[in-house]
Amino acid sequence: MSRTKTAETIENVEFPSFDASKATDQIRAFAEKGVEQSKEAYAKLKTGAKETQKALESTYETAKSVSSDLSLKTIAALRANAEAGFSHFEALIGAKSLSEVVELQTAFLRKRVEMTVEQAKDFQAVAAKAAEDVSKPIKTAFEKAMEEIKIA
């Protein structure tokens, strides 16, 4: 008797039909959506890479320019120091007395300290500007990237 009930129950149960064409359409739509998202991600990555390359090239050119400026500033300082030293040496050779030598030496040392302080200020200003100029393209690219992330 239990077999009869089971057979009757099975006869009354309807199994859902499986339509392969609907499944295929859904898989195709899912794949197309995935491909489209991949294309969008690639386009964003490509754009980001180009912008990063431009920023790095700009940074390199700026660093090269700043390096040249610092080199010229260094050469000018070395030249000024050498000229001051030679002038002082000439003045010492022409001194008539020991008191004049002491006076020349004291004035020279005072002038050298002032000149060194002035040169240090110049180098500090050039170095600060250099650091700002070199970091500006990367900073701009980073800020742009962060804005795009916030938008997305």
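This text goes with the structure placed above it.
Residues numbered from 1 in each chain as written. Predicted model: local features only at pLDDT ≥ 70, side-chain atom pairs only at ≥ 80, totals over all residues. Heavy atoms only, no water.

For the rest of this paragraph, the subject is the overall build of the protein. Helix and strand counts for the protein stand at three helices and zero strands. Helices (α) and strands (β) of the protein occur, in sequence order from the N terminus, as α-α-α. A total of 152 residues make up the protein; the buried ones form 9% of that total. Summarising the internal contacts of the protein: among those between residues at least 6 apart in sequence, 76% fall at separations of at least 24. When the accessible surface of the protein is summed, it comes to about 12,900 Å², and 62% of that surface belongs to carbon and sulfur atoms. (Helix = DSSP H or I, 4+ residues; strand = E, 2+ residues; numbered from the N terminus. Buried < 20%, exposed > 50% of the residue type's maximum accessible area, 1.4 Å probe, protein only. Contact = heavy atoms within 4.5 Å. Areas by Shrake-Rupley, 256 points an atom, 1.4 Å probe, with all protein chains shown as cover.)

On to a nonpolar patch on the surface, then. Taken together, Phe142, Met146 and Ile149 make up a surface patch of nonpolar side chains, about 320 Å² in accessible area. For Phe142, the position within the fold is in helix H3 (residues 98–151). Accessibility expressed as a relative area gives 53% for Phe142, which makes it exposed. (Patch = residues over 30% accessible without salt bridge, like charges linked within 9 Å, V, L, I, M, F, W, Y side chains within 5 Å. Salt bridge = Lys/Arg side-chain N within 4 Å of Asp/Glu carboxyl O.)

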